[in-house]
Amino acid sequence: MSAEKGEVIISVKDLKKHYGGGDIKALDGITTDIHKGEVVVVIGPSGSGKSTFLRSLNLLERPTSGTISFHGTDITSKATDINKLRQKMGMVFQHFNLFPHLTIMKNMTLGPTKLLGLSKAEAENKAQALLDRVGLGDRANSYPSQLSGGQKQRIAIVRALAMDPEVMLFDEPTSALDPEMVGEVLEVMKQLAKAGMTMVCVTHEMGFAREVGTRVIFMDCGRIIEENTPEQIFTNPQNERLVSFLQKVL
Amino acid sequence: MTSILSSAYAFAVNLAGEAAEQPSSGWFGNLWNALKDDFVNNFITQKRYMYLLKGLGITFEVTFFAALLGIFLGVIVALVRSSHDKLAEEMRPGFLKGLLGFFNFLANIYLTIIRGTPVVVQLMIAYFIIFATSNNKVLVAILAFGINSGAYVAEIIRSGIMSIDVGQFEAGRSLGFGYIATMVHIIIPQAIKNVLPALANEFIVLIKETSVSGYVGLQDLTKGGDIIRSRTYSAFMPLIAVALIYLVIVIFFSKMVTLLERRLRNSER
């Protein structure tokens, strides 16, 4: 693992998520820390609980037991204002989830104006700068349905960035894209990682994990089976389930 | 409306004048004269068209305010019901959950009673029992039809809310919007747009449903036509006229909705 680590941003302890009265264990005791500046890539077979894990981090899934702390605040506690904390955790979804009834500009300024108290002009300047950064500066007045999948996902990323989050959560951001559009989205994510953003990314893109990740977590059956640097994971996997998983996907 | 009626009036007077000078003959002439006399007798004599005109005003007034009340009630009931469906499972037991459960219970009773009984019975209960002391027929009709319409609007809007992909909701929440803010800024605008045709249909139904206002003695368009019939003992002209007026209103309104829908759709392409 990398030598110098930033402060702990998210700390997860013994996280469990059970459905159907405990019959199905989507998460079965996850413990890990996310440090500032890390790019944590979560891989694993489908049904391994990796998406549930990611969605628990901002409480889109409410865990059955265990704690998740954000800068030391337990976010599962009743006293915590989860809406305030979610502003600090940007999320990007597999299916983009842009708001189809709003223009790209409105998509990006809705949160900053309503939640951060920015003026319309401030929010629009910021949104325009972000759009320019991902090469979509000319699409501000388009509607989501006028864009390609890759463009939509780039918009979804900058929409989350417009809230100035401390950490970005990616839930299979390239899985719903045509193959030729995967590259443009990964490129934006790479830039983001280089700029020092803390990221947690559930993905099947092993190339991305290898190149950009600072740590790779391999999950199966709701547990963390192995976690290590990308180099170790891909060149020297220890667990046999990881070995067979990598044989199938690489 | 007034100008159409007054030109019809002028036309009829003109016809009557010509007929006096030059009596028509043959079966067609007889039929024509009979219809003309019938028209004059039903609408022109004693300015009987005023029954239709004033009745139309009442119909519009009741429909408009009842529709407003219906949408207001409908949105609230739809929010309660869909929030209960969406949130009840994941909410912690406590005051809020109990409150939501209670409101959901009330909403279900409201929907069951209103949708389970005829609107004309509801109108009579409102006028003769609940507001027996009030003599404001228009207000009672607005309340009765508004409360009735609210039940149907609620189910329409609820189906609209349920039709929105859960990802929209999650996207709103993940940006940091609370439940209500997500509903207001993200879910409801899309839901309304999706159910606009159904809402327009409900409005059209409402216009026509107000025709039972006569049961509490409110002189709406239908009652106006019926009064003319009872004065002239001729049913054809007044009732056909009433039917045509409803038809024109509904066609006009349907056309407006089609235009509105097209505009909303264009905004996304």
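Everything below is about the structure printed above this text.
Nothing here was measured: the structure is a model prediction, and the numbers come from that model. (Residues numbered from 1 in each chain as written. Chains lettered and ligands numbered in written order. Predicted model: local features only at pLDDT ≥ 70, side-chain atom pairs only at ≥ 80, totals over all residues. Heavy atoms only, no water.)

**Let's talk about the side chain of S213 of chain B**
Next, step 1: Inspection of the secondary structure assignment puts S213 of chain B in the loop between α8 (179-209) and α9 (221-232).
Next, step 2: When neighbours within four sequence positions are excluded, S213 of chain B is seen to be in contact with L123, F145, L218 and D220 of chain B. (Helix = DSSP H or I, 4+ residues; strand = E, 2+ residues; numbered from the N terminus. Contact = heavy atoms within 4.5 Å.)

**Some points on a nonpolar patch on the surface**
Residue and element names in this part refer to chain B.
Next, step 1: Together, W27, F28, L31, W32, L35, F236, I240, L244, L247 and I251 line one region of the surface with nonpolar side chains, adding up to about 1,100 Å² of accessible area.
Next, step 2: Elements represented by at least two residues in the nonpolar patch include exactly α2 (26-44) and α10 (236-266).
Next, step 3: Residue W32 is classed as partly exposed on the basis of its relative accessible area, which comes to 38%. (Patch = residues over 30% accessible without salt bridge, like charges linked within 9 Å, V, L, I, M, F, W, Y side chains within 5 Å. Areas by Shrake-Rupley, 256 points an atom, 1.4 Å probe, with all protein chains shown as cover. Salt bridge = Lys/Arg side-chain N within 4 Å of Asp/Glu carboxyl O. Buried < 20%, exposed > 50% of the residue type's maximum accessible area, 1.4 Å probe, protein only.)

**Regarding the interface of chain B and chain A**
Next, step 1: Each partner contributes residues to the interface: chain B has 23 residues there, and chain A has 27 residues.
Next, step 2: Across the chain B/chain A interface, buried area totals approximately 2,200 Å², and carbon plus sulfur atoms make up 55% of it.
Next, step 3: Applying the counting criterion to the chain B and chain A interface returns one salt bridge.
Next, step 4: With its nearest N and O atoms 2.6 Å apart, the salt bridge here joins E170 of chain B to R55 of chain A.
Next, step 5: In this structure, the connection of chain B to chain A is made through six residue pairs in polar contact (both at pLDDT 80 or more).
Next, step 6: Of all elements in the fold, only α7 (166-175) and α8 of chain B reach the threshold of two or more residues within the side of chain B that touches chain A.
Next, step 7: Per-element accounting of the side of chain B that touches chain A gives the leading share, eight residues, to α7 of chain B.
Next, step 8: Broken down by class, the residue content of the side of chain B that touches chain A amounts to six nonpolar, nine polar and eight charged. (Buried area = accessible area lost by both parts, 1.4 Å probe. Polar contact = N/O pair within 3.5 Å; in protein donor to acceptor, adjacent residues only side chain to side chain. Nonpolar A, V, L, I, M, F, W, Y, C, P; charged D, E, K, R; others polar.)

**A look at the packing of helix α3 (residues 49-87) of chain B against α8 of chain B**
Residues and elements named next belong to chain B.
Next, step 1: For the pair α3 and α8, interaxial distance at closest approach is 10 Å and the crossing angle is 135°. As the angle between them shows, α3 and α8 are arranged oblique. Taken as a pair, α3 and α8 cross one another with a handedness that is right-handed. Two secondary-structure elements touch here, α3 through T59, T63, A66, A67, L79, S82, S83, K86 and L87 and α8 through Y179, M183, I188, F203, L206 and I207.
Next, step 2: Of the residues contributing to the contact of α3 with α8, the split by class is ten nonpolar, four polar and one charged. (Axes fitted to C-alpha atoms, helices over the stretch in contact; angles between N-to-C directions. Parallel < 35°, antiparallel > 145°, perpendicular 65-115°, else oblique. Left-handed = near helix turned anticlockwise from the far one by under 90°.)

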